[in-house]
Amino acid sequence: MQTSSVKALSTKLLWRFSVFNIVLLLGLALWLWQETKSASLIQPQLPADGKLQCVSYSPYYHPGQTPLNPNSFIQPSQIDSDLAVLAKQFNCVRIYSVSQGLSYVPQAAEKLGMQVYMGAWIGWVSANNDKELDLAIQIANQYPKTVKALIVGNEVLLRGEQSEQAMQAYLSKAQQLTDVPVTYADVWEFWRKHPQLESNVDFVTVHILPYWEDIPQSIEQANNHVVNVMGLLIASFKKPILIGETGWPSVGRQRQVSQPSLINQANYLRSFLQSAHTHGWQYNLIEAIDQPWKRDLEGTVGGYWGLYDTQLSPKFSFDGDVQPRGDIAPILVAGFLGFLLLFGFALYFKRFSTLVAVGQGAAGAVFVISAYLQIQYLLTACRNLVEWIALGGLALLSWLTVISLVLWIGDTKKRYLSIFKACAFVLISAAIVSTILLIVDGRYRDFPISLFALAVLHLSFASLVLGAEIRLHRGLAYLMCAVLAIVALYSVYLELYNTFAYYWLLLCGLIITALLPKRQMSSSSLL
């Protein structure tokens, strides 16, 4: 190809690429505008002092802290400072164990005028259970005015770690050796499966978590679901009922119609508090502070049920409007800097028209904003080194895909095009693997849409508009397209009411479109 024809081709591609990125930037701007709109939510009737009844307190939010490590120990100074924050909004905290330094919680709570639902953790090992229960009984007897009740076991029957008869024995022992009320906590369905336990407790403690239900509830139906469940439980049991856990996650994967978000978390809790006021329920919210360690057990969503983040900043208030995101300002700054960088670069070399320079600036803004969102996703989703390497590698692959396309369009050198095609092949392979993982382990995996979106959009744009062809062997291309189509459709079948499953299907469809072999291109095409 002659130099003049190469330059003409490059200019033509630049125009198309510029218009494409201007459209993308306008789409991002519309999204940011939506994210800045505050939501007007119900403002529940609260007590005169504005304090809520009780909240689950687990102090494992600093790096390395986890109840899964028997050597982990929480210092009294941390408990004192944590409860000093929580005492401003709650009259009570619930703890799940008295091990690892948590035996100090009643003493710290007493100094602040708070009460404690104190838990004795019951698991597989009888010797550990006996040691835990003996210590809990001792503390309950030491602080009878502070310990509101002794909760012997948490979801033990749900986990299948003890039998009903064993739990009856533990509860009977606690009732004989302490004067504080004694109860057992489990999901509401398991209380209905084991109604005989009512005779061994002073009140029934149930967990109602609309997000985790076998049939997940939408945010619109979640509060009605709690009302219906409570009506069923009140009709089933004669003793008082404590809602020992209820809440909503602020971050994580959608389960069918049940979608985590900050707005939904605030919406659910505010609506629940109003229902609790109306019906006179006793409740404990889950949970006080985000728990990073739970991400290992439950995926991303497990770490984000807190009313406070790990910096002990409240995520929202219980009056006034709620804004979806608190990081709009850094997103705008990042996008503006990205725009200036490429716009200035285009003008400096005086190779492009003003419109093309604006398009290049738009490409810079879109790229930087997308990179910001990808890094944010990695920080919330990655649970271990393996995931950091795998998902971080996908982010880097996405960046390299876009950068190589930009470089090629700028001067049409074949080495940049070769890098782009190599990135495209790896991206397609990664999409197949990611979709298979969503099928076999989807409960605890997120749809990695943010890691793929920008690269896939540019890949499909290069294929459909610029005429690019990923030159795979024809048989291999059709095979990969078929596999990706099948697994993507099956992932939607598994989650028919999950909107993110359809977004993922759309991305997979764009990948398939880019991968399918094209007819022979003319010399004026991309290849």
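What counts and how
- Residues numbered from 1 in each chain as written.
- Predicted model: local features only at pLDDT ≥ 70, side-chain atom pairs only at ≥ 80, totals over all residues.
- Heavy atoms only, no water.
- Helix = DSSP H or I, 4+ residues; strand = E, 2+ residues; numbered from the N terminus.
- Buried < 20%, exposed > 50% of the residue type's maximum accessible area, 1.4 Å probe, protein only.
- Contact = heavy atoms within 4.5 Å.
- Areas by Shrake-Rupley, 256 points an atom, 1.4 Å probe, with all protein chains shown as cover.
- Lys, Arg positive; Asp, Glu negative; His and termini not counted.
- Charge placed at Lys NZ, Arg CZ, Asp CG, Glu CD.
- Pairing = 2+ DSSP bridges.
- pLDDT = per-residue confidence, 0-100.
- Axes fitted to C-alpha atoms, helices over the stretch in contact; angles between N-to-C directions.
- Parallel < 35°, antiparallel > 145°, perpendicular 65-115°, else oblique.
- Left-handed = near helix turned anticlockwise from the far one by under 90°.
- Nonpolar A, V, L, I, M, F, W, Y, C, P; charged D, E, K, R; others polar.

*Asks:* Just checking my understanding: could you explain the overall build of the protein chain for this structure?
*Replies:* When helices and strands are counted, the protein chain shows 17 helices and 8 strands. For the protein chain, the spread of C-alpha atoms along the three principal axes comes to 95 × 45 × 40 Å. Classification of the 527 residues of the protein chain by burial places 54% in the buried group. For the protein chain, contacts bridging at least 24 residues in sequence account for 73% of all contacts bridging at least 6. As displayed, the protein chain has an accessible area near 23,600 Å², and 61% of this comes from carbon and sulfur atoms. Of the side-chain charges in the protein chain, 37 are positive and 34 negative, and the distance between the mean point of each set is 16 Å.

*Asks:* Would you mind showing me how to read the sheet that holds strand S3 (residues 115–120) here?
*Replies:* Strands belonging to one sheet form pairs held by backbone hydrogen bonds; the direction of such a pair is parallel or antiparallel. The strand order across the open sheet formed by 8 strands is S1-S2-S3-S4-S5-S6-S7-S8, and the pairing between neighbours is parallel. Among the strands making up the open sheet, the edge pair consists of strand S1 (55–56) and strand S8 (282–283). Bridge count for strand S6 (residues 204–207) against strand S7 (residues 241–245) is 4 bridges, and the pairing is parallel. Across the sheet, His207 pairs through a bridge with Glu245, a residue of S7.

*Asks:* What is the right way to look at the confidence of the model for the protein chain in this model?
*Replies:* The predicted coordinates of low-pLDDT regions are not to be read in fine detail. When the pLDDT values of the protein chain are averaged, the result is 90; 93% of them are 70 or greater. Note that pLDDT drops below 50 for residues 520–527; the model gives that stretch 15 contacts with residues more than four away or on any other chain.

*Asks:* Help me out: how do you make sense of the packing of helix H4 (residues 126–142) against helix H6 (residues 164–177) in this one?
*Replies:* If you want to describe how two helices pack, look at the angle between their axes and the distance between the axes. Here H4 crosses H6 at 25 degrees, and the two axes come no closer than 10 Å. Classified by the interaxial angle, the pair formed by H4 and H6 is roughly parallel. Judged by the twist between their axes, the crossing of H4 over H6 is right-handed. Side by side, H4 and H6 meet where Ser126, Asn129, Asp130, Leu133, Asp134, Ile137 and Asn141 of the first sit next to Tyr170, Lys173, Ala174 and Leu177 of the second. Grouping the amino acids of the contact of H4 with H6 by side-chain chemistry returns 5 nonpolar, 3 polar and 3 charged.

*Asks:* How do you make sense of the packing of helix H14 (residues 414–440) against helix H17 (residues 499–515) when you look at a structure like this?
*Replies:* As a packed pair, H14 and H17 sit with axes 11 Å apart at the nearest point and diverge in direction by 150 degrees. Classified by the angle between their axes, H14 and H17 sit roughly antiparallel to one another. In this structure, H14 meets H17 at a crossing whose hand is left-handed. The residues of H17 that touch H14, namely those facing Ile428, Ala431, Ser434, Thr435 and Leu438, are Trp504, Cys508, Ile511 and Leu515. Among the residues forming the contact of H14 with H17, the class breakdown is 7 nonpolar, 2 polar and no charged.

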